[in-house]
Amino acid sequence: MTAAEPLLKISGLSVVFDGFRAIDGIDLSVAEGELRFLIGPNGAGKTTLIDVVTGLTKPASGSVSFAGRELVGKREHQVVRLGVGRTFQTAVVFEELTVEENVDLAASFRMSLPALFRRRQGRSDAVAAVLERAGLMALAEQPAGILSHGQRQWLEIAMLLAQEPRLLLLDEPVAGMSREERERTGELLVEIARDRTVVVVEHDMEFVRTYASAVTVLHEGRVLTEGDMASVQADPQVQEVYLGRSRDTRAAEPAAPAEEKEKEGVA
Amino acid sequence: MKTPGLLAQRTKGGKWRGVVAFAAVALLVLAVAPVTLSPFRLELLAKYLCFAIAALGIGLAWGKGGMLTLGQGVFFGLGGYAMAMHLKLAEAGPGELPDFMVWSGVEELPLLWEPFRQPWFALLMVVLLPGTIAALLGLLVFGRRVRGAYFAILTQALAAAFVIWLVGQQGLTGGTNGLTNFSSFFGLDLASAQDQRILYFIVAIVLGLLYLGFRQLVASRYGRLLIAVRDGEDRVRFLGYDPAVVKTVAFTMSAVSAGLAGALFVPVVGIISPALLGVVPSLELVFAVAVGGRYALAGAVLGAVLLNYAKTTFSENYADGWLYLQGALFIGVMAYAPKGVIGLAGQIRDFVALRTRGPARRIPAQQPPPVPPGPSADAPAEPVEPVGPVEKEAVA
């Protein structure tokens, strides 16, 4: 692979839900090492895009190529095994397992089945490093069920880091977080992006302004514009889309459509 | 869903308590019961322990893995018939037909029966038949993401179909009567109380070893993964695991344990027949696990012994009352003690703690001091709080 070839290349992608075109011919490239923000009003197709890349949703047409491999048609765990990891809008962690066990499971997915039958002996360096990085060391032995919302998001990010993916897809990592938690998450993001390729879907424009270098704006299933934050903000089209729906940008995306999509992916 | 107090109970002290409890139960079962119980009662206990072996498998598949399997009777039956076929052939002697075949007018030994003359083959089949069928079924069904109630119905239908097939094959399986009249089991005289006692020890030891094995499995990474699949199968996919494989492994092990239970049941009770492994017996096993406490393997064992003991006792006195009592017990447990008998102690402890101290003070007391987890001192994170995201959003 040449250096110029993007790590993630989405071309001509369309997704249809019951006749509704959630994604309508998107072309998008993310280069290795990039920190890319995907923004756009509700229903722009941001989460759906991540769902397609990770195998949760089947596209009607188009292709998703990751490091030269086609991802469309692969199952979720196969996509993960190729090096693509994701988090969810509403952080899903395993509440009965401890924080450490959550991270350890994420780190162990390349183990063979017989190796998994063995008991975990202590804490591996990799797991310890990730716990430290996500600021969860003090909570390692606690059941994940007691974590606060923000801590859950960090645990999700920690689990993602433990998988050591080449590409990380984060779906609204700061939704519902307090100001301090958002700052902490932003720092974590910038830190992670130093040695990995990261795509962040975000609603919180203030957060995007602070941390984004490259931004792609989606609108009604299409790419509206791409560029650095300043040029995107100056774009009259973007202003129109956002001014027309300025209240929407602050509200969290409703959870119900995401669940519906999930079901369709399962069927 | 679960209160933090309940979640935080997995402590280091609990480990030792578990070892002591296991030793105490082992002492009771291996030393006290054989000398205090009459041969008749000991045989009954051996039967309960057979059910406990099958219940262990349900505890693993359902309690830990979330797979509500209502057709364990199928695997119990496969193990039982594999054993019974061998015992019948051993009894008939070389070249002879088992008695029931003669009565049904069968003149030549069916091809299916022939290899069961070999004891090693029969023993292998006790494990392999249920194991292979469960593995194939699991990969097929879980791979297609059939789960929840659909899986439960499928397994129950399997039990019903299996019984119909068994009944229809009079010459091959003994039909409704099943296979019975065994006099010896690998050299043990089944009519002698002394040899029945040895059989009892065999059953108890198999149960003990299986329990330890399953415990080890649950404590392993695989066990954690199984619980993760139970609580969030779709999320597990994004950890890079195929949940179908994870579930199939547990389902297969549960089938093997049911097969072992069936194989031991045959010499202990002296019969295997379709009535013992249809929909109702399969459901009774699940009831027992629910009553004992499905989230703990020990609960499954306890439930199987308790419920079958109660069944015997009640049936001796009020033959018809048992069914109603069993139903009422099941509803009661589901409504008021979802963690079963074994979870009652913890439930009462939590209840008392809530009453006397109140939830607000109690929860931080059980947690370590809330350390700000953020490495950067200027951005301290929230202390550990059980309060959900609702309040956080109000702050943001």
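Model, not experiment: these values are computed from the prediction. (Residues numbered from 1 in each chain as written. Chains lettered and ligands numbered in written order. Predicted model: local features only at pLDDT ≥ 70, side-chain atom pairs only at ≥ 80, totals over all residues.)

1. Examining the overall build of chain A
Then step 1. In terms of helices and strands, chain A carries 11 helices and 10 strands.
Then step 2. Buried residues in chain A amount to 50% of all 267 residues.
Then step 3. For chain A, the share of sequence-separated contacts (at least 6 apart) that also reach a separation of at least 24 residues comes to 68%. (Helix = DSSP H or I, 4+ residues; strand = E, 2+ residues; numbered from the N terminus. Buried ≥ 20, exposed ≤ 12 C-beta atoms within 10 Å, placed from the backbone. Contact = placed C-beta atoms within 7 Å.)

2. Let's talk about the overall build of chain B
Then step 1. Scanning chain B for helices and strands turns up 17 helices and four strands.
Then step 2. Look at the contacts in chain B between residues 6 or more apart in sequence, and 78% of them connect residues 24 or more apart.

3. A word on helix H7 (residues 179–193) of chain A
All names here are of chain A.
Then step 1. Here H7 contains 15 residues, and its C-alpha end-to-end distance of 21 Å stays within 8% of the 21 Å for a straight helix at 1.5 Å per residue.
Then step 2. For H7, the full list of buried residues reads Glu 181, Arg 182, Arg 184, Thr 185, Leu 188 and Leu 189. One side of H7 holds all its buried residues, which, seen down the axis, span an arc of 165°. More than 90 degrees from the buried face of H7, the exposed residues found are Arg 179 and Glu 191.
Then step 3. Residues of H7 that are buried sit in contact with helix H6 (149–162), strand S8 (197–201) and helix H8 (205–211). (Expected span 1.5 Å × (residues − 1). Arc of directions from axis to C-beta.)

4. As for the packing of helix H13 (residues 297–317) of chain B against helix H14 (residues 321–336) of chain B
Geometry of a packed helix pair, given as the angle between the helix axes and the separation of the axes.
All names here are of chain B.
Then step 1. Where H13 contacts H14, the axes come no closer than 9 Å and their chain directions differ by 145°. Contacts between H13 and H14 involve Lys 311, Phe 314 and Ser 315 from the first element and Gly 321, Trp 322 and Leu 325 from the second.
Then step 2. For the contact of H13 with H14, the class distribution of residues is three nonpolar, two polar and one charged. (Axes fitted to C-alpha atoms, helices over the stretch in contact; angles between N-to-C directions. Nonpolar A, V, L, I, M, F, W, Y, C, P; charged D, E, K, R; others polar.)

5. Let's talk about the sheet that holds strand S7 (residues 167–171) of chain A
All names here are of chain A.
Then step 1. Strand order in the open sheet formed by six strands is S6-S7-S8-S3-S9-S10, and the pairing between neighbours is mixed. Here the strands that pair on one side only, and so sit at the sheet edges, are strand S6 (84–86) and strand S10 (222–228). Between one strand axis and the next, the sheet turns by 20° as a mean value, whatever way the strands run.
Then step 2. Taken together, the five bridges between S7 and S8 define a ladder with parallel strand orientation. If you follow Leu 167 over to S8, its bridge partner there is Thr 197. (Pairing = 2+ DSSP bridges.)

6. Concerning the pairing of strand S9 (residues 214–219) of chain A
Residue and element names in this part refer to chain A.
Then step 1. Here S9 lies mainly inside the structure; five of its six residues are buried.
Then step 2. In this structure, strand S3 (residues 35–39) lies alongside S9, joined through four bridges in parallel fashion. Residue pairing across strands places Leu 38 opposite Thr 216, the latter belonging to S9.
Then step 3. Where S9 meets S10, six bridges bridge the pair, whose relative direction is antiparallel. Across the sheet, Val 217 pairs through a bridge with Thr 225, a residue of S10.
Then step 4. Hairpin remark: S9 followed by S10, antiparallel, with two residues in the connecting loop; positive phi at Glu 220, about 50°.

7. Comments concerning helix H4 (residues 72–92) of chain B
Residue and element names in this part refer to chain B.
Then step 1. With 21 residues, H4 extends 30 Å between its outermost C-alpha atoms, agreeing within 8% with the 30 Å of an ideal straight helix rising 1.5 Å per residue.
Then step 2. Counting buried positions along H4 gives 19 out of 21 residues, so the element sits mostly inside the fold.
Then step 3. With its phi angle positive at about 90°, Gly 93 sits one or two positions after the end of H4.

8. Thoughts on the sheet that holds strand S2 (residues 20–30) of chain A
Residues and elements named next belong to chain A.
Then step 1. Read across the sheet, four strands follow the order S2-S1-S4-S5 without closing on themselves; strand pairing throughout is antiparallel. Here the strands that pair on one side only, and so sit at the sheet edges, are S2 and strand S5 (69–70).
Then step 2. Here strand S1 (residues 8–17) runs beside S2; their pairing, made up of eight bridges, is antiparallel. Opposite Leu 8, over in S2, you have Val 30 as the bridge partner.
Then step 3. Set on the sheet, helix H1 (residues 46–53) makes contact with S1, S2 and strand S4 (61–66); between it and S2 the angle comes to about 70°.

9. A short note on the confidence of the model for chain A
Then step 1. Across chain A, pLDDT averages 86, with 89% of residues at or above 70.
Then step 2. For residues 246–267 of chain A, every residue scores under 50 in pLDDT, and the model assigns this stretch 27 contacts once sequence neighbours within four places are set aside. (pLDDT = per-residue confidence, 0-100.)

10. Some remarks on the pairing of S4 of chain A
All names here are of chain A.
Then step 1. Here S1 runs beside S4; their pairing, made up of five bridges, is antiparallel. Bridge assignment links Ser 11 to a residue of S4, and that residue is Ser 63.
Then step 2. Sheet topology places S4 next to S5; two bridges connect them, and they run antiparallel. Within S5, the residue paired with Phe 66 across the bridge is Arg 69.

11. Brief notes about unusual backbone geometry
Then step 1. One non-glycine residue, Ala 67 of chain A, lies in the positive phi region at around 50°.
Then step 2. Structurally, Ala 67 of chain A is set in the loop between S4 and S5.
Then step 3. Positive phi outside glycine occurs at Asn 181 of chain B, with the angle close to 65°.
Then step 4. Mapping Asn 181 of chain B onto the fold places it in the loop between strand S1 (179–180) and strand S2 (184–185).

12. Description of the environment of Val 241 of chain A
Residue and element names in this part refer to chain A.
Then step 1. Position of Val 241 among the secondary structure elements: in helix H10 (residues 236–244).
Then step 2. By the C-beta count within 10 Å, which is 22 here, Val 241 ends up buried.
Then step 3. For the pair Val 241 and Val 217, spaced 24 residues apart in sequence, the C-alpha to C-alpha distance is 10.0 Å.

13. Here's the deal with the UniProt feature "transmembrane region" (unreviewed entry) in chain B
Then step 1. Within this numbering scheme, the UniProt entry marks residues 20–38, 44–62, 120–142, 149–168, 198–214, 255–279, 285–309 and 321–338 of chain B as carrying the feature "transmembrane region" (unreviewed entry).
Then step 2. The annotated region residues 120–142 of chain B carries 100% helix and 0% strand content, and the separation between its end C-alpha atoms amounts to 32 Å. (UniProt positions renumbered as here; feature names shortened; annotations may be inferred.)

14. A word on the environment of Asn 177 of chain B
Then step 1. Mapped onto the elements of the fold, Asn 177 of chain B is located in the loop between helix H8 (170–173) and S1.
Then step 2. Counting along the chain gives 110 residues from Asn 177 of chain B to Met 67 of chain B, while the straight-line C-alpha distance between them is 31 Å.

15. What about the nonpolar core?
Then step 1. Counting residues in each nonpolar core, the largest one holds 177 residues, and the members touching the most others are Ala 158 of chain A together with Ala 52, Ile 53, Ala 55 and Leu 56 of chain B.
Then step 2. No other element matches helix H11 (residues 243–269) of chain B, which puts 16 residues into this core.
Then step 3. Beyond its immediate sequence surroundings of up to four residues, Ala 158 of chain A is in contact with Val 103, Val 130, Leu 131, Ala 134 and Leu 136 of chain A. (Core = buried A, V, L, I, M, F, W, Y, C linked by C-beta atoms within 7 Å.)

16. Description of the environment of Ala 193 of chain A
Residues and elements named next belong to chain A.
Then step 1. Residue position: Ala 193 is located in helix H7.
Then step 2. Through-space distance from the C-alpha of Ala 193 to that of Leu 35 is 5.9 Å; in sequence the pair is 158 residues apart.
Then step 3. Look past the residues within four positions of Ala 193 in its chain and what remains in contact with it is Leu 35 and Val 198.

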